[in-house]
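These are the residues of each chain, in order.
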Amino acid sequence: MTEPMKLFYTPGVCSLAPHIALREAGATFELVRVDLKTKKTADGGDFARLNPKSYVPALLLPDGNLLTETAVLLHYIADTWPAARLAPPRGDLVRIRFDERLQFIATELHKGFAPFTVMPNVSEESRRWAAQRLADRVSLLAEALADRPFFHGEGFTVLDAYAYFALRTYRYLLGVELPGALGAYLDRLSARPAVRAALAAEGIQ
Ligand SMILES: N[C@@H](CCC(=O)N[C@@H](CS)C(=O)NCC(=O)O)C(=O)O
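Small disclaimer: the values here were computed from a predicted structure and weren't measured.

Topic: the domain arrangement of the chain
Right, so step 1: Partitioning the chain into structural domains gives domain 1 (5-84 + 194-202) and domain 2 (93-192).
Right, so step 2: Each of domain 1 and domain 2 has a C-alpha centre, and these two points are 20 Å apart.
Right, so step 3: Each partner contributes to the interface: domain 1 provides 14 residues, whereas domain 2 provides 13 residues.
Right, so step 4: For the side of domain 1 that touches domain 2, the secondary structure elements donating two or more residues are α1 (16-25), α3 (70-80) and α8 (193-202).
Right, so step 5: Tallied by class, the residues present in the side of domain 1 that touches domain 2 amount to eleven nonpolar, one polar and two charged.

What follows is the structure, given as structure tokens:
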């Protein structure tokens with residue numbers, strides 16, 4: 001019997017997005033917890049050796065391929081389980097627009113958190129600048145969501161899995177309310193069985 005794929009994760013960080021997506025897809029997978037300080041897995045394995053980038057998420061496929069980068073994992077999950085409809089089909093501008101927004105979350109939000117997480121000694125001025133930049137980007141997301149239930153129309157997609165991590169983290173790190181319909185959107189996502197199961201499995205609220 002082949003081994004199931006393994007998702008290397010740390011509770012509450014960006015690996016939550018592919019974790020939710022795998023559950024929404026109905027995939028069979030194992031979770032392997034990583035301590036980002038020691039770069040060791042819960043069973044004492046050497047994560048840095050397996051993944052020289054030393055960050056989560058990483059998805060180890062049964063054939064030994066290791067995938068990294070949150071957006072890439074999300075594309076992989078959506079394309080591997082098409083019946084779950086976690087992304088529009090490839091081949092036209094609809095998918096390109098979808099990918100554009102996924103990339104926006106990756107580079108403009110996710111990576112924009114650094115001054116509030118991993119960067120020590122950031123000046124107050126830089127922090128204010130970074131906070132304003134994030135707020136501008138979150139406002140764009142609020143406009144894009146408007147009164148739709150999900151970012152890509154009527155159904156949940158991997159875009160929502162990434163937005164869930166990013167908006168939740170933004171609200172926590174900056175201690176602010178989300179603009180427009182984003183607060184209610186986050187609450188709705190929190191009630192989804194796959195999201196609840198992912199949070200419970202990671203031991204977070
Ligand atoms: N470019 C990567 C960045 C992933 C990332 O920043 N992971 C964080 C958690 S959200 C991490 O593991 N940080 C630990 C480190 O960089 O040492 C991606 O998009 O997946």
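Having seen the structure, we can now continue with the description.
With respect to the site of the ligand
Right, so step 1: Around the ligand, the structure places Val-13, Cys-14, Leu-36, Ser-54, Tyr-55, Val-56, Pro-57, Glu-69, Thr-70 and Ala-106.
Right, so step 2: Residue composition of the shell around the ligand, grouped by class: seven nonpolar, two polar and one charged.

Side note on unusual backbone geometry
Right, so step 1: Of note, the bond from Val-56 into Pro-57 is cis; its omega dihedral lies within 30 degrees of zero at 0 degrees.
Right, so step 2: Its location among the elements puts Pro-57 in the loop between α2 (47-50) and β4 (58-60).
Right, so step 3: The phi dihedral of Arg-85 is positive, around 55 degrees, even though this residue is not glycine.
Right, so step 4: Inspection of the secondary structure assignment puts Arg-85 in the loop between α3 and α4 (93-109).
Right, so step 5: The phi dihedral of Ala-146 falls on the positive side, at around 45 degrees, and the residue is not glycine.
Right, so step 6: Residue classification places Ala-146 among the exposed positions, given that 8 C-beta atoms sit within 10 Å.

Concerning the pairing of strand β2 (residues 29-35)
Right, so step 1: Taken together, the five bridges between strand β1 (residues 5-9) and β2 define a ladder with parallel strand orientation. By the bridge assignment, Tyr-9 is partnered in β2 with Arg-33.
Right, so step 2: Tracing the backbone out of β1, into α1 and back to the parallel element β2 gives a crossover that is right-handed.
Right, so step 3: Two strands pair when backbone bridges link them, and β2 and strand β3 (residues 40-41) are joined in this way by two bridges, in the antiparallel orientation. The partner of Asp-35 across the bridge, within β3, is Lys-40.

A few points about the packing of α4 against helix α6 (residues 158-174)
Right, so step 1: For the pair α4 and α6, interaxial distance at closest approach is 10 Å and the crossing angle is 25 degrees. Judged by the inter-axis angle, α4 sits roughly parallel to α6. Seen along the crossing, α4 lies across α6 with a hand that is left-handed. On the side of α4, the interface is formed by Phe-98, Arg-101, Leu-102, Ile-105 and Leu-109, while α6 contributes Leu-159, Tyr-162, Ala-163, Ala-166 and Tyr-170.
Right, so step 2: Classifying every residue of the contact of α4 with α6 by side-chain character gives nine nonpolar, no polar and one charged.

Rules of the game
The numbers attached to residues start from 1 for each chain and follow its sequence in the written order. The predicted origin of the model limits local features to residues at a pLDDT of at least 70 and limits the giving and counting of side-chain atom pairs to 80 or more, whereas totals for whole chains, interfaces and linings rest on all residues. Domain delimitation in this document rests on an assignment produced automatically or drawn from a domain database. Residues are treated as contacting if the C-beta atoms built from their backbones sit within 7 Å of each other. Numbered from the N terminus, helices here are DSSP runs of H or I no shorter than four residues, and strands are runs of E no shorter than two. Basically, the charged four are Asp, Glu, Lys and Arg, the nonpolar ten are Ala, Val, Leu, Ile, Met, Phe, Trp, Tyr, Cys and Pro, and anything else, Gly included, counts as polar. Residues are classed as near a molecule or strand if the C-beta position derived from their backbone is within 6 Å of it. A residue is called partly exposed when the number of other C-beta atoms within 10 Å of its own lies between 12 and 20, exposed at 12 or fewer, and buried at 20 or more, with C-beta atoms placed from the backbone. Strand pairing is assigned whenever DSSP identifies at least 2 bridges connecting the two strands. We call a crossover right-handed when, viewed with both strands directed away from the observer, the connection leading from the first strand over the helix to the second proceeds clockwise. Only the stretch in contact is used when a helix axis is fitted, and all axes are lines through C-alpha atoms; the angle between N-to-C directions ranges over 0 to 180 degrees. Angles are sorted into four bins: roughly parallel if under 35 degrees, roughly antiparallel if over 145, roughly perpendicular if 65 to 115, and oblique for all others. Whether a crossing is left-handed or right-handed is set by the direction in which the near helix is turned from the far one by less than a right angle, anticlockwise for left-handed and clockwise for right-handed.

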